[in-house]
Every structure is written in C-alpha cells, then in structure tokens.
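# Chain and residue survey
Here are the chains, one letter per residue:
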Amino acid sequence: MFAQKRLGKELSNIHKSLPPGISIASASDFSNWKMDIQVLDTNPLYADQIYRLNFKFSGSYPIEAPEVTFIKEDGRDIPMHPHIYSNGVICLDLLGTNWSPVQNVESVCMSIQSMLTSNTKNERPPGDETFVRSGYRSPRNINFVYDDNTV
Amino acid sequence: MPPSIIEMSAEELKQAGNKFFQNGDWLSADKKYSQAIAIDSTNYTLFTNRALVRMKLLRYDDVIDDCTSAINLNRDAMKGYYMAAQALIQLSRPSEALGYAHTAYQLAVAQNSKSATDVANVVLEAKKQRWRKQERNRIDRDNSMLKQMKELVKRDSERKILDLREQQWDSPSGERDLESEIAVIREDARVQMDELENVFARADPQRYKPREVPDYLMDSISFSIMTDPVVTKNGHSYDRPVIMDHLRRSNTDPLTREPLSVSDLRPNLALKQVCAEFLEENAGWAVDY
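Small disclaimer: the values here were computed from a predicted structure and weren't measured.

As a further point, take the domain arrangement of chain B. Residues and elements named next belong to chain B. When its domains are assigned, chain B resolves into domain 1 (5–113), domain 2 (138–208) and domain 3 (215–286). Contacts between the two partners involve four residues from domain 1, matched on the other side by five residues from domain 3. Taken together, the two surfaces of domain 1 and domain 3 that pack against each other cover about 420 Å², and 54% of this comes from carbon and sulfur. Ranking the residues of domain 1 by area buried against domain 3 places Tyr105, Val109 and Asn112 at the top, with a combined share of 90%. Counting across the domain 1 and domain 3 interface gives two residue pairs in polar contact (both at pLDDT 80 or more). Split into classes, the residues belonging to the side of domain 1 that touches domain 3 amount to two nonpolar, two polar and no charged.

All names here are of chain B. By the definition in use, this model includes one cavity of 30 Å³ or more. In this structure, the largest cavity encloses a volume near 40 Å³. Along the walls of the largest cavity sit Lys127, Arg130, Trp131, Gln134, Leu279, Glu280 and Ala283, which together make up its complete lining. Among the secondary structure elements, those contributing two or more residues to the lining of the largest cavity are α7 (116–170) and α11 (269–286).

The next thing to look at is the environment of B:Ser157. Residue and element names in this part refer to chain B. Note on placement: Ser157 falls in helix α7. With 90 residues separating them along the chain, Ser157 and Leu247 place their C-alpha atoms 70 Å apart. Excluding residues that lie within four positions of it along the chain, Ser157 makes contacts with Ile185 and Ala189.

This part is about the interface of chain A and chain B. Often, the extent of an interface is quoted as the loss of accessible area upon association of its parts. Between chain A and chain B, the residue contacts involve 17 residues of the former and 19 residues of the latter. Buried surface at the junction of chain A and chain B, both sides included, amounts to about 1,500 Å², of which 56% is carbon and sulfur. Put simply, chain A and chain B have zero salt bridges between them. Across the side of chain A that touches chain B, the residue classes tally to eight nonpolar, four polar and five charged.

Conventions used here
Residues numbered from 1 in each chain as written. Chains lettered and ligands numbered in written order. Predicted model: local features only at pLDDT ≥ 70, side-chain atom pairs only at ≥ 80, totals over all residues. Heavy atoms only, no water. Domains from an automatic or database assignment. Contact = heavy atoms within 4.5 Å. Buried area = accessible area lost by both parts, 1.4 Å probe. Polar contact = N/O pair within 3.5 Å; in protein donor to acceptor, adjacent residues only side chain to side chain. Nonpolar A, V, L, I, M, F, W, Y, C, P; charged D, E, K, R; others polar. 1 Å grid on protein atoms, 1.4 Å probe; cavity = no way out; pocket = protein on both sides within 12 Å on 5 of 7 lines; lining within 4 Å. Points joined across faces, edges and corners; volume = space filled by probe spheres on them. Helix = DSSP H or I, 4+ residues; strand = E, 2+ residues; numbered from the N terminus. Salt bridge = Lys/Arg side-chain N within 4 Å of Asp/Glu carboxyl O.

Next up, the structure:
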C-alpha cells in the first residue's frame, strides 16, 4: 500500500505551509499525528483557545479515513459543540461515510476548524453523558446519524 | 502413528506446507510442497506456494523455475508472473522482470485483485532498476571520454615542463625562476581540466534537469507517479490500481461523491504515454519521488 509514502509527502507539505490557525504539534511516525487548531474570528465560544486533534492512520490510509478525535493534553480542552462529545469524539460525516481519499490531514483540519467557526450553540450532543460512559473511544465503531446539517 | 507420506494426498501435503509456512518454518514448508508436487505435478498452486517459500529462502533461481512451471500449467497464474518479476529484480535482471511484471499487472487488473497496487509497484521497481543500469553505463561511457581529454591536457603540460627543464639545462640563466614557471604551467592545466569537467556537465541535460515530477503525472490519492491512468466521468484521472482500491471500499467518485464503478473508468491513453516517457527518462529517482 501507499500509506507511508503519501503521509511522508503530506508531512513535507505541512512543514512548508499550513493555513492560519492550524499547526503541527507532533508527527514522529506514520501512525499518529497531533495537530493544533484554533478559531480565528471572534466567536466567543472558542476565543483565544487552542485545541488539539489526534490523527490515527491505518495502513490503508487514505483509502480508509483516519481516526480523528480531540484530546485533552498540554492544557488543551475539548471544544464545546453539538457534534463533539466531551470525550473528544467528533461526529462529522467527512470522517465516516463521506470520507474520500482525496481529503488529507490539512483539509480535515480545515473542515473541523470551520465546523467550530460557524457554531453558536454552547452545548454537547444529545446523550453525551451516556455516550461517554459507554466508553467508546473509537469513532469508527459508531454509526452516527448525520441528521442535523444546520450546524 | 502419524500417517506416512504415501498415505497423504497432495492436498494434505499442501495444507501441511501452508501450516509450516504460516509458522515461518520455510524449510519444512518447502519439503512438504516438494512432496506434494512429486505426487501431483499438475496443480499450479503447489508451484506458486513453493515459489513463495523459496523467495523467503532467497533461492531466486528456484523461484523463477517454479513460477515458470506454474505459468505453463495456468496462463492466468498472476502470482507466477508477479513472483518471477520480484525474483528477477533480486537477480538484477530488470528487463526480464519488466516483462513478467507487465503481464502480472494486466492479470491483476483483469482479476480485480487486491494485489494490483503491489504489482504496479514491482513494475516501477523494475523500471527504476533498468534506468539505473542504463544511467551507470552512460556515466561510465561519458567519463571515459572526459578521462581521455584530461589525459591530453596533462600530457601537454608535462611536455611543456620537460621543454622548460631542457632549455634551462642548455643555457643556464640565474635570472629565471624555474620552479614558479612550472607552477604556472601546472595551474593552467588544472584550470583547463576544471573547464573540461564543466563543459561535460553542462552538455549533460540529465544532470541539470530539475528532479521534480509534474503534478499532472501524479495520482491525487497515492501521491505517486501514475503508470496506468484512467479517467472518471468528471474528467479527473487516477492511477488504475489506486482508484480500484478506493472503489472496493466505496462506489463513489472521490471528488464529486457521485456514483462511480470500475466499468465507468476509461483509460487515459495520452496521459499514460506521457507518464511512460517520463519514467523512461527519469525512473531512477521518479519512482520514489
């Protein structure tokens, strides 16, 4: 497969340039990268906050989507959003059923950044407590219902 | 009492060989497959299985023999062509490897095999090795010409130095600083040789070409140079084994998300030609670019 070669090239592109508000926190191998993102406008929900995304790649990347979650690390919190569970699991069709292999780490970061930018609701998804208590960490095992396209 | 070899069928021996293979016991696996072949020499999978074991044992000539037997029994034995190509690369025989690799690739695509990407990589590996061999020959050839010319410059300067010493011998003159005149001659020769090297380098377009693969030759999923580009309904091209990998998972166009299936793909022959020509000239570095 071509996962390593492709990630190697993505990494060298990322080192050259990244869009504003997105930076690389760590990428020492081709199975796990950490990216920092922040919202650039004055959205009061996320002002002056930096959030950390954890990317996990399988050997079948980019045919298979990466596993992307927010993580608490270095004082970073899980952003408040009706599609983000308090354990960091993100409900985003792009990372599941609508994944396409022409997407990449940078475009995923940008999608999540704009998902935060456009949000106005200071709330968690319905059933957050139950979901988190059930101990799901891997978003791949969940069949999300993407019923709300307004946020 | 365990069953004796005579009582075991070729199929049982093959299963026993597979088991040894899974446990990494190549020698025992090789023995079981050989016993199976002794009973039934018409089953091509016995030969491809033994070829795989012998690949692990680094017995590349034997791999090629087994692959040839498998291919003779079954013209569609993709693995036979595939492993023969790999073994020939190991033996530094890239042109022969390329022939087998091309056939393996065509069979892999026709059989919608998951190995198609790996087989395509062997095609590229063979091209790379062939390019490197040619490049080495080319540099050797060019260098011999450069060497001859540098030799001429050197001989010329040695002759001048000799003349100078003879003049000094015939009519000694305390005024002349012989050693510094010789140094000037040597310096001139050195400058001439540098110039020669520069001229040769400048006349060699290969060494001066920027080592970059143009974006339009790259597959936008694997980020590698394409070898068999196919075009989708929206006009975007992908490398066939890569888009087939994607379509096995999801029957959608990666860019538009519209329905897309293998039968919608059309070869992009012009682009294929451009990729092939680019690889012909640059395979040595472009394969890993």
